[in-house]
Amino acid sequence: MKTVRIWFQKTGAARFISHLDLAHCMARALHRARVPLWYTQGYNPRPHMVFALPLPLGVTGLRECVDIKIDEEAITEEELARRLSEALPATLPVLAVTEPQEKPGKITWASYTLLLEPEEGTAEELLEKFRALLAMPEIPMEKHTKSGMALLDLRPFLNETEAFGEEGALRLEAFLPAGSEKNITPFLLTEALQKHQGARFFARVSRTNLYDGERKIFA
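Residues numbered from 1 in each chain as written. Predicted model: local features only at pLDDT ≥ 70, side-chain atom pairs only at ≥ 80, totals over all residues. Heavy atoms only, no water.

## Concerning the layout of surface pockets
In this structure, the largest pocket encloses a volume near 460 Å³. What lines the largest pocket is a set of 22 residues, and nearest its centre among them are P56, K143, H144, N183 and T185. Contributing elements (two or more residues each) for the lining of the largest pocket: β5 (107-118), β6 (140-145) and α4 (186-197). In terms of residue count, the dominant contributor to the lining of the largest pocket is α4 (4 residues). Looking at the lining of the largest pocket residue by residue, the classes come out as 12 nonpolar, 6 polar and 4 charged. (1 Å grid on protein atoms, 1.4 Å probe; cavity = no way out; pocket = protein on both sides within 12 Å on 5 of 7 lines; lining within 4 Å. Points joined across faces, edges and corners; volume = space filled by probe spheres on them. Helix = DSSP H or I, 4+ residues; strand = E, 2+ residues; numbered from the N terminus. Nonpolar A, V, L, I, M, F, W, Y, C, P; charged D, E, K, R; others polar.)

Pasting the structure below:
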């Protein structure tokens, strides 16, 4: 038995399914693909699956992963990737199957692309509002935590966010804390822009990659 890591994307309409529904979809696909899974023990056995970092609802994932345990004698990584690709919908394409190099708990950072299309005004005006947001000495925002709502200053977390104009829209490239210890979602950034600058826009958000504590790409 060994653990393998399935790399996949969550795109199109799939970005609107919950993490629980994604887990169910992946489990059914693995069953249809006849993957020799290891199941948990007990009264209600389930396939062993560990997703590295669940995506917020509505966010596209360009490099997501889930760990499973398989009988290593029964199937190769290449064959597993082929079978699973045939069993999953086109909006959940498989990128590769590899041996894990790091545990999911090592994830500390994530990179995001946010494409903001203004509902009123121009992209240039939206860019000015974003620059005005960054010019604020503090950006107070409420954040959901395990113990309820908490107030935080978002400003220190935006030092590595860059803005670019793109065909009538504003593109933001953000590098934010992620993982079990500290997690800043990109929606805090869009909410801050709306709350503190009165901006109105439609946002499309993609998580592009995951990183460890040394800011190396998670593998």
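On we go from here.
## A few points about the pairing of strand β8 (residues 162-166)
For β8 and strand β9 (residues 169-177), the ladder comprises 5 bridges, and the chain directions are antiparallel. Bridging from a neighbouring strand, F164 pairs with R171 of β9. Between β8 and β9, which pair antiparallel and follow one another directly, the connecting turn spans 2 residues, one of which, E167, has a positive phi of 50°. (Pairing = 2+ DSSP bridges.)

## Notes on empty space enclosed by the protein
In the structure shown here, the tally under the stated rule is 1 cavity of 30 Å³ or more. Its boundaries defined by the atoms lining it, the largest cavity holds a volume of some 70 Å³. Surrounding the largest cavity, F8, K10, H19, L22, F51, L53, P54, L55, E64 and C65 form its lining. Mapped onto the lining of the largest cavity, the elements with two or more residues apiece are β1 (2-10), α1 (19-32) and β3 (60-70).

## Concerning the packing of aromatic side chains
Given two aromatic rings, their pairing is described by the distance between the two centres and the angle made by the two planes. Under the defined criterion, the tally for this structure stands at 4 aromatic pairs. Ring centres 5.0 Å apart and planes at 65° place the aromatic pair F175 and Y211 in the edge-to-face group. With F175 in strand β9 and Y211 in strand β10 (residues 201-212), this residue pair connects regions lying 36 residues apart in the sequence. Pairwise contacts between aromatic rings join W109, F175 and Y211 into one cluster. Positioned above the aromatic ring of W7 is the side chain of R63, whose terminal nitrogen or guanidinium carbon lies 3.9 Å from the ring centre. Directly above the ring of W38 sits K69, whose terminal nitrogen or CZ lies 4.9 Å from the centroid. (Phe/Tyr/Trp six-rings, centres within 6.5 Å; stacked < 30°, edge-to-face > 60°. Lys NZ or Arg CZ within 6 Å of the ring centre and 35° of its normal.)

## Thoughts on the nonpolar core
Counting 36 residues, the largest nonpolar core has L114, L116, L154 and L193 as its most contacted members. Counting only elements with at least two residues in this core, the list comes to β5, α3 (123-135), β9, α4 and β10. Counting residues per element, this core draws most heavily on β5, at 5 residues. The residues contacting L116, other than those within four sequence positions of it, are L126, A169, L170, L172, T190, L193, F201, F202 and A203. Core analysis: the next-biggest nonpolar cluster, separate from the first, contains 26 residues, I6, V66, I68 and I70 among them. (Core = buried A, V, L, I, M, F, W, Y, C linked by side-chain atoms within 4.5 Å. Buried < 20%, exposed > 50% of the residue type's maximum accessible area, 1.4 Å probe, protein only. Contact = heavy atoms within 4.5 Å.)

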